[in-house]
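# Structure assessment
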2 protein chains.
Amino acid sequence: MRRFVIVGQRACASADFRLDDLPGTSGRLDVLVRCLRAALLVSHGVRQDAIVYLVLGGGVPAKRVVRVEGAAARFLRPDERSLATLVKKSLAAEAEGESERFVEVRPGIAVRRGGLELVLADLGDAVLVLLEPAGADVRSEPALDAAHVAFFVGDHSGFDDVERRWLIDLGARAVAVGPVQLHAEDAVTIVSNEMDRREASNSRRAR
Amino acid sequence: MRRFVIVGQRACASADFRLDDLPGTSGRLDVLVRCLRAALLVSHGVRQDAIVYLVLGGGVPAKRVVRVEGAAARFLRPDERSLATLVKKSLAAEAEGESERFVEVRPGIAVRRGGLELVLADLGDAVLVLLEPAGADVRSEPALDAAHVAFFVGDHSGFDDVERRWLIDLGARAVAVGPVQLHAEDAVTIVSNEMDRREASNSRRAR
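Residues numbered from 1 in each chain as written. Chains lettered and ligands numbered in written order. Predicted model: local features only at pLDDT ≥ 70, side-chain atom pairs only at ≥ 80, totals over all residues. Heavy atoms only, no water.

### Concerning the overall build of chain A
Quick reminder of the rule: In this description a helix means any DSSP run of H or I spanning at least four residues, a strand means any run of E spanning at least two, and both kinds are numbered starting from the N terminus. For the exposure calls, accessible area comes from a 1.4 Å probe over protein chains only, and a residue counts as buried if that area is under 20% of its type's maximum, exposed if over 50%, partly exposed in between. Two residues qualify as a contact provided that any one of their heavy atoms is within 4.5 Å of a heavy atom in the partner residue.
A tally of regular secondary structure across chain A gives 6 helices and 10 strands. Overall, the C-alpha framework of chain A stretches about 50 × 40 × 30 Å when taken along its three principal axes. Here chain A, with 207 residues, has 57% of them falling under the buried criterion. Pairs at least 24 apart in sequence give 69% of the contacts found in chain A among residues at least 6 apart.

### Here's the deal with the relation of the copies chain A and chain B
Put simply, the rule reads: Each copy is superposed on the other by least squares, with the fit set by C-alpha atoms of residues at a pLDDT of at least 70 in both.
The two copies are related by a screw motion: chain A maps onto chain B through a turn of 180 degrees and a shift of 0.0 Å along the axis, at an RMSD of 0.0 Å. Expressed as a symmetry operation, the mapping of one chain copy onto the other fits a two-fold axis. Interface residue correspondence from chain A to chain B reaches 100%, placing this contact among same-surface, isologous pairings.

### Notes on the nonpolar core
Considering soluble globular proteins, one finds that nonpolar side chains tend to be buried as a cluster. Our working rule: What is meant by a nonpolar core is a set of buried Ala, Val, Leu, Ile, Met, Phe, Trp, Tyr and Cys residues, joined one to another through side-chain atoms within 4.5 Å.
Core analysis: the biggest nonpolar cluster contains 52 residues, and Ile6(A), Leu54(A), Leu56(A) and Phe151(A) have the highest contact counts within it. When residues in this core are grouped by element, the largest group, 9 residues, is from helix α2 (residues 29-40) of chain A. Excluding residues that lie within four positions of it along the chain, Leu56(A) makes contacts with Gly8(A), Ala11(A), Cys12(A), Ala13(A), Leu29(A), Leu32(A), Lys63(A), Arg64(A), Val66(A) and Leu91(A). Of all hydrophobic cores here, the second largest spans 51 residues; its members include Ile6(B), Val33(B), Leu40(B) and Leu83(B).

### A few points about α2(A)
All names here are of chain A. Rule in force here: Here the expected span of a helix is defined as 1.5 Å times the quantity of residues minus one.
The end-to-end C-alpha distance of α2 is 16 Å, a good match for the 16 Å that 12 residues give at a rise of 1.5 Å each. Within α2, 12 of the 12 residues are buried, which leaves the element mostly enclosed by the surrounding structure. Here α2 has its buried residues at Leu-29, Asp-30, Val-31, Leu-32, Val-33, Arg-34, Cys-35, Leu-36, Arg-37, Ala-38, Ala-39 and Leu-40.

### Considering empty space enclosed by the protein
So the rule is basically this: Lining residues are defined by having an atom within 4 Å of a point belonging to a cavity or pocket. Those points lie on a 1 Å grid over the protein atoms alone, cavities being sets where a 1.4 Å probe fits but cannot get out and pockets being open sets with protein on both sides within 12 Å along at least five of seven lines. Grid points are joined across faces, edges and corners, and a volume is the space filled by probe spheres set on the points. For this classification, the nonpolar set comprises Ala, Val, Leu, Ile, Met, Phe, Trp, Tyr, Cys and Pro, the charged set comprises Asp, Glu, Lys and Arg, and every other residue, Gly included, is treated as polar.
Counted according to the given criterion, the structure contains 4 cavities of 30 Å³ or more. Its volume calculated, the largest cavity comes out at about 50 Å³. What lines the largest cavity is simply Arg34(A), Arg37(A), Glu185(A), Arg34(B), Arg37(B) and Glu185(B). Of all elements in the fold, only α2 of chain A together with α2 (29-40) of chain B reach the threshold of two or more residues within the lining of the largest cavity. Taken together, the residues of the lining of the largest cavity break down into no nonpolar, no polar and 6 charged.

### Things to note about the interface of chain A and chain B
So the rule is basically this: The term buried area denotes the loss of accessible surface (1.4 Å probe radius) that occurs when two parts are joined, taken as the sum for both partners. A side-chain nitrogen of Lys or Arg and a carboxyl oxygen of Asp or Glu constitute a salt bridge if their distance falls within 4 Å. Polar contact is the term for a pair of N or O atoms within 3.5 Å; when the atoms are in protein, one must be able to donate a hydrogen and the other to accept it, and sequence-neighboring residues count only if both atoms are side-chain atoms.
Between chain A and chain B, the contact holds 37 residues from the first and 37 residues from the second. Roughly 3200 Å² is buried in total at the junction of chain A and chain B, and carbon and sulfur atoms are behind 50% of that figure. Counting the surface chain A buries against chain B, the share from its top three residues, Arg139(A), His183(A) and Arg197(A), is 19%. Two residues, Arg139(A) and Glu194(B), come together in a salt bridge whose shortest N-O distance is 2.6 Å. Applying the counting criterion to the chain A and chain B interface returns 25 residue pairs in polar contact (both at pLDDT 80 or more). Every element with two or more residues in the side of chain A that touches chain B is listed here: α2, β2 (41-42), α3 (80-93) and α6 (184-206) of chain A. Residue contributions to the side of chain A that touches chain B peak at 9 residues, all from α6(A). By residue class, the composition of the side of chain A that touches chain B is 12 nonpolar, 8 polar and 17 charged.

### Some points on the packing of aromatic side chains
Each aromatic ring pair is described using two quantities: the centre-to-centre distance and the angle formed by the ring planes. All names here are of chain B. For the record, the criterion: Here the aromatic set is Phe, Tyr and Trp, taking the six-membered ring for Trp, and pairing holds for ring centres within 6.5 Å; pairs whose planes are under 30 degrees apart are stacked, those over 60 apart are edge-to-face, and all others are tilted.
Considering all chains together, one arrives at 4 aromatic pairs over all chains under this definition. Look at Phe-4 and Phe-151: their rings are 5.1 Å apart centre to centre, the planes differ by 20 degrees, and that puts the pair in the stacked class. Placement of Phe-4 in strand β1 (residues 2-12) and of Phe-151 in strand β9 (residues 149-154) is noted, with a sequence separation of 147 residues between them. Judged by centre distance (6.1 Å) and plane angle (50 degrees), the ring pair of Tyr-53 and Phe-102 falls under tilted. In this pair, Tyr-53 is assigned in strand β4 (residues 50-58) and Phe-102 in the loop between α3 (80-93) and β6 (103-106), connecting sequence segments 49 residues apart. Accessibility assignment for this pair places Tyr-53 and Phe-102 in one class, buried.

### Some words on the pattern of salt bridges
Summed over the entire model, instances satisfying the criterion amount to 42 salt bridges over all chains. Measuring nitrogen to oxygen at the nearest pair gives 3.0 Å for the salt bridge that ties Arg198(A) to Asp145(A). Taken together, the positions of Arg198(A) in helix α6 and Asp145(A) in the loop between β8 (127-137) and β9 (149-154) put the pair 53 residues apart, joining distant regions of the chain. With relative accessibility at 12%, the residue Arg198(A) sits in the buried group. Between Arg198(B) and Glu194(B) there is a salt bridge, with the nearest N and O atoms lying 2.8 Å from each other.

### Structural notes on the packing of α2(B) against α3(B)
All names here are of chain B. Let me state the cut-off plainly: Lines fitted to the C-alpha atoms define the axes, with helices restricted to the stretch that makes contact. Angles between their N-to-C directions range from 0 to 180 degrees. The cut-offs work like this: below 35 degrees is roughly parallel, past 145 is roughly antiparallel, 65 to 115 is roughly perpendicular, and the gaps in between are oblique.
Their axes nearest at 9 Å, the elements α2 and α3 cross at an angle of 105 degrees. With respect to each other, α2 and α3 are oriented roughly perpendicular. Contact residues: α2 offers Leu-29, Asp-30, Val-33, Arg-34, Leu-36 and Arg-37, while α3 offers Glu-80, Leu-83, Ala-84 and Val-87. Its residues assigned to classes, the contact of α2 with α3 comprises 6 nonpolar, no polar and 4 charged.

Quick look at the structure:
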């Protein structure tokens, strides 16, 4: 299982943003939904072994997390507006409850109150990987051989120092995707490709 | 120099599409603008050594090509709506001329009449690479060592047989990005990462 925890420092934790100006009104939710596409969608299909957490840090009064499970979610479309519409409807559906646990608002999609620190309980025994430019090269990183990996991905403004320190103290490995600093969604694409390659190589070896 | 020729079989070659329903009204221009982002934009910057051609095959009466040069284009934003707006304005600006050569409609952005076959003259001495699932693995592909590479990328419906044959007959190498069939924009991200790695490795070696 692959999990992607996408951290939006200021991403809007309510449905109060405009679909026709995502970058300007949503705290850059556009970055997060592009990461969602890269993590879950492949050509004519959805990755069944991937789960994405969108950590929406721009919450007044509370931060929220939207969880999307590839195996259960339905009608995921790849374009930004469709994905942002999905997030908007999910947040609106859970606007009153503001639950302290994940509440499923439609198949495969759940919302809970809280920030990054509260996602951890949902990650099980996953090996933690922090994607950042100064990390070890993903192609030679042993952490990606684990059966369960959780990748932490910052949006355009990255992680704040406290979050980063907290993740490293939890044992997260700092991993980089290459020599050029890329958009968050490209980092998701590249680590997914690396995981695909290792899984294909392992299944060839097992035959 | 890296060039990406993104072929949209039915992508709208005029400005007659709606920004609030790109997938439904533009012949899937959403796929093409996501490829444009992946090819040109990096974290807080634009790739100076990349040029993208959007081949818009859904032209009535004529197909058109939009060329975007990373080194000259200004104010490129990463979200789909902004990029689609840019394409729409560029097509509207060149709506009457319908020139047989590239006409610059704003800095770094040019439009011409014609389809895939007419892009070739613009590619210079680039080594041609056709991205497709059955190709050789990109990580061991010598074509990517060339100083000038032009990648041909199909949209969600791929290449038609005639176009594919034509490219192969021209000497294009068929290259795959990994064991899982991905969206076009992810293929662009992965080959860009491979090129970044080889360039970084070459410049280390040259020191």
